[in-house]
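# Structural overview
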Amino acid sequence: MAKTRSRGPVTLTPREVEGMRKAGALAARILDEVAGMVKPGVSTGAINDLVDRLTREAGATSGPYRYTGGGDTPFPKHCCTSVNEVVCHGIPSEKHLLRDGDIVNVDVTPVLDGYYGDTSRTFLVGRVAPEARRLVEATEGALKAGIRVVRPGATVGDIGAAIQAFIEPTGFSIVRQFAGHGIGRVFHGPPSIAHYGKAGTGEVLAPGMTFTIEPMINVGDWRCRMLDDGWTAITADRQLSAQFEHTLTVTESGCEIHTVGKDRIGVP
Ligand code: MF3
Ligand code: CO
Ligand code: CO
């Protein structure tokens, strides 16, 4: 009998959830360390190197490294660094120095004992313009709004609807091309968690279901385009985009977030 169901939502046993706790805690700790180094003049390549080192020191590997995601271009680095108009999957580079006023999302996914812990935060680099700060705060709020509705009996559509209700009054837009995903002993599994939607629709949540919520929010239009490196997604209108992500498991009464760190993020 197959150990992992290939069609239904990723649903984990208590023992597997324990594995997710450890992988998630490592992912959060890595981002806590990254938080301490993000400043003007630091390269995104240096962030990658720190993520790589901390991952290896913990006896883990990096999910992103050589990941193809079903496409044909292996991701060349250990984390994603998405600066300003980059929506997601930015590739770290020694040549890309962060500048005063940038926003940068760092997305890490260590794999510990076979379990994937996937989390990201958007950091402010130096002194950031009020609108960019407002975007980052709204995006963090969107993640929290999505997490808040997770409980048995709620639906995937409830998550998207909650995020949409939170973001609409801000005037920002929600990226539709990328979604949260089931996660466990696989990086990306079912279900897909859209960050917009209609309450009461889609898969019904049940205890053990384990997935990410990772809204990408744009200042301008929600549309994205792909750079020809095969990975980097940018906003079509080149305006700013931000993202936050947590990995969580549905419990009997709500959910357990595996990737909460020393940030104020993720405590809904
Ligand atoms: N961590 C990303 C996610 O949230 C996936 C990155 S895949 C990579 O799903 F190859 F671009 F790293
Ligand atoms: Co993810
Ligand atoms: Co991620």
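Keep in mind that what you see is a predicted model, and the values were worked out from it rather than measured. (Residues numbered from 1 in each chain as written. Chains lettered and ligands numbered in written order. Predicted model: local features only at pLDDT ≥ 70, side-chain atom pairs only at ≥ 80, totals over all residues. Heavy atoms only, no water.)

## Focus on the coordination of the cobalt ion (ligand 2)
Surrounding the cobalt ion (ligand 2) are the protein donor atoms Asp118 (OD), His181 (NE2), Glu214 (OE) and Glu245 (OE), at 2.0 to 2.2 Å. Counting gaps between the donor residues of the cobalt ion (ligand 2) yields the pattern D-x62-H-x32-E-x30-E. Separating the cobalt ion (ligand 2) from the cobalt ion (ligand 3) is a gap of 3.4 Å, bridged by aspartate 118, which donates to each. In this pair, glutamate 214 sits in the loop between strand 11 (210-213) and strand 12 (216-218) while glutamate 245 sits in the loop between strand 15 (241-243) and strand 16 (246-250), placing the two residues 31 residues apart along the sequence. Neither glutamate 214 nor glutamate 245 differs from the other in exposure class; each is buried. (Donors = N, O, S within 2.8 Å, 3.2 Å for Na, K, Ca; no water. Helix = DSSP H or I, 4+ residues; strand = E, 2+ residues; numbered from the N terminus. Buried < 20%, exposed > 50% of the residue type's maximum accessible area, 1.4 Å probe, protein only.)

## Some details on the site of ligand 1
Taken together, 14 residues are adjacent to ligand 1, and Pro64, His181, His188, Glu214 and Glu245 come closest. Side-chain polar atom of aspartate 107 to a nitrogen atom of ligand 1: 3.1 Å apart, as the coordinates give it. Within the contact set of ligand 1, an oxygen atom lies 2.8 Å away from a side-chain nitrogen or oxygen of glutamate 214. When the free accessible area of ligand 1 is taken as 340 Å², the share hidden by the protein chains comes to 97%. (Near = heavy atom within 4 Å. Polar contact = N/O pair within 3.5 Å; in protein donor to acceptor, adjacent residues only side chain to side chain. Areas by Shrake-Rupley, 256 points an atom, 1.4 Å probe, with all protein chains shown as cover.)

## Details of the coordination of the cobalt ion (ligand 3)
Donor atoms from the polypeptide that bind the cobalt ion (ligand 3) are Asp107 (OD), Asp107 (OD), Asp118 (OD) and Glu245 (OE), placed at 2.0 to 2.3 Å. One can describe the site at the cobalt ion (ligand 3) as irregular: its 6 donor atoms subtend angles covering 59 to 166 degrees at the metal. Going along the chain, you hit the donors of the cobalt ion (ligand 3) in the pattern D-x10-D-x126-E. Using a relative accessible area of 9% as the deciding quantity, one classes aspartate 107 as buried. (Tetrahedral: all angles 85-135°; square planar, octahedral: opposite > 155°, others 65-115°.)

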